[in-house]
Amino acid sequence: MSKELRTTGEAAYFAAGNSRHGFHSYYEECFRDRVDHLLCIKGGPGTGKSTLMRTVACEGERRGYTAEYYYCSSDADSLDAVLLFGEGKSIGLLDATAPHVFEGRLPGVQEEILDLGQFWDRAKLLHRQGDITRWNREKSDGYRAAYRYLAGAGEVSDALYDLTVTMIDQAKLHRTAERLLRGIEPQKGGGVRIGLCDSIGMRGRVTLDTYLHLGERICLIQDYYDTGFALMRRLADLAFARGIAARVSYHPVLPDRIDALLLEQSKTVFLVGEGKQISAMAERTPRARRLDMRRLVHRDLFRAARERVRQTARLREALLDSACDALKTVQEAHFELERVYAAAMDFEAKERYTEALCRKLFDGTLD
C-alpha cells in the first residue's frame, strides 16, 4: 500500500478516519467548545464547501488569526473543517454533511448553519437523478467493501499484536519511556487534544507532516511488527498522568492505538511508523532521533515465532491493499457526483455569498 508523506505548511490534521469499525469521527473531541462561533456547512459533493472554508481561513490569516486545518480522511485534498483563533475571538467552519455527525447545542447562538444548496439549480439535479442515485449506490458499495477489508485488517492486527506483545522486554520498555520523558516538567491543568496525522482513503494512505513541523525535539520510533504501539501507549499514559498538555493522533484503522504524540509545552514529538516511513521522516528532519523497537524485543522469542509473525503481517498488508482498491471505486463515483453538482451550481452567487460572510465574520457587518 503506497504511503504519501505530505507537506502542507499548515497546522494540518484529520478529524476522522476510515477504520476497522467503519467511519470513526473525532468531531466532538476536535471541535466541540473549541471556538466561540461555529458554522456548520451543508451541501452536496462539488458544491464548494472546501473552497468556502479555505477562502474564509485565508482571509482570517491575513487579518492575524491562527488557523488549524482539518482534512477529509477519505479525500485528503479536501477540507473537513477550519478553526481560526484570534485575539478575543475564535471561529470554526466544518463540513456537516453525511457521514459527519455534529449536532449544535445552542443552534443560532454558538452554531450557525450555512446551506450551499441555495445556489444549485434543482431542475438540473432532477434531470440527473438516475445518475446521482447510481453513483451514490456505487459509493456505498465501495465503502461497504472497504470497511469489510479494514475490519479484517483490524482482526489480523490484533492477532499480530498478541503474537509480539509478549516478546517485549517490559522492564526495558518502561525505562525507555521514563528516559524519553526525562526533563519534561509536570503541568497543572494540562489537557489532551486530538489531531490525526494519518489517513487511509480514496488516494491511498496519506500522512501529514504536521507533528514533524511542530516538534523541536523529535523521536521517530521504528516499529517492529506492532511493538512500537506499546511504547507509544506507555509514553502517553505517563504524560497524561503527569498532566502534560498534549496533542495525540490515533491510528486511522486501529483507533485504540496511538501513532503520534506532541507534548505541547516542550514541543516534544513521538512518532511511530514502519521502516520506509520513518526513513522518509528522518530525511525531512535530520535533527530527529531514531529508536528501533528491536532493541526492546527478546530476539530469541521472536525467532521462535518469526514465520508466523511475518505471515500474519503479510496477510494484514494484503487486506489493507484490498481496502485501498475498494476506496478507488469510491473515488470514481465521488468525482462523477462532484461534476454533476458543480454543473448545477451558481458559483458566482456562491462567491459573493462567501465575500459577504467574510465581512460578517471579521468586520461584523451584515449585507
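Predicted model, so just to flag it, every value in this text is computed and none were measured.

Because side chains alternate across strand 3 (residues 16-19), one face comprises the buried residues Ala16 and Asn18, and the other comprises Gly17 and Ser19, equally buried. The sheet contact formed by strand 3 and strand 4 (residues 22-25) spans four bridges and is antiparallel. By the bridge assignment, Ser19 is partnered in strand 4 with Gly22. Connecting strand 3 to the next strand, strand 4, in antiparallel fashion are two residues.

A word on the sheet that holds strand 10 (residues 192-194). In space, the six strands of this open sheet follow the order 10-14-15-16-13-17, with mixed pairing throughout. What marks the edges here is a single partner per strand, and that holds for strand 10 and strand 17 (289-292). Neighbouring strand axes in the sheet, compared pairwise and without regard to direction, differ in orientation by 20 degrees on average. On the sheet, helix 5 (residues 170-180) packs against strand 13 (217-222), strand 16 (268-273) and strand 17 and is oriented at approximately 170 degrees with respect to strand 17.

On to the side chain of Thr285, then. Along the chain, Thr285 falls in the loop between helix 8 (275-284) and strand 17. Each residue touching Thr285, except ones within four places of it in the same chain, is listed here: Leu212, Ile218 and Leu220.

Core analysis: the largest hydrophobic core is formed by 98 residues, its most contacted members being Phe31 and Leu235. Residue contributions to this core peak at eight residues, all from helix 7 (residues 228-241). Among residues more than four places away in sequence, those in contact with Leu235 are Ala177, Leu180, Leu181, Ile221, Leu261 and Phe270. Grouped together as the second largest cluster of nonpolar side chains are 17 residues, Tyr147, Met202, Ala323 and Leu327 included.

Here we come to the packing of aromatic side chains. For the structure shown, the criterion picks out 12 aromatic pairs. Both rings, one in Tyr143 and one in Tyr147, keep their centres 5.8 Å apart while their planes meet at 25 degrees; by these two values the pair is stacked. With Tyr143 and Tyr147 both in helix 4 (residues 129-165), this residue pair falls four residues apart, about one helical turn. Like Tyr143, the residue Tyr147 is buried in the burial classification. Three or more aromatic residues joined by ring pairs make a cluster, and in this case those are Tyr13, Tyr27, Phe31, Tyr70 and Tyr211. Over the ring of Tyr13 we find Arg247; its NZ or CZ atom is 4.3 Å from the centre of that ring. Directly above the ring of Phe229 sits Arg257, whose terminal nitrogen or CZ lies 5.5 Å from the centroid.

Parameters at a glance
Residues numbered from 1 in each chain as written. Predicted model: local features only at pLDDT ≥ 70, side-chain atom pairs only at ≥ 80, totals over all residues. Heavy atoms only, no water. Buried < 20%, exposed > 50% of the residue type's maximum accessible area, 1.4 Å probe, protein only. Helix = DSSP H or I, 4+ residues; strand = E, 2+ residues; numbered from the N terminus. Pairing = 2+ DSSP bridges. Axes fitted to C-alpha atoms, helices over the stretch in contact; angles between N-to-C directions. Contact = heavy atoms within 4.5 Å. Core = buried A, V, L, I, M, F, W, Y, C linked by side-chain atoms within 4.5 Å. Phe/Tyr/Trp six-rings, centres within 6.5 Å; stacked < 30°, edge-to-face > 60°. Lys NZ or Arg CZ within 6 Å of the ring centre and 35° of its normal.

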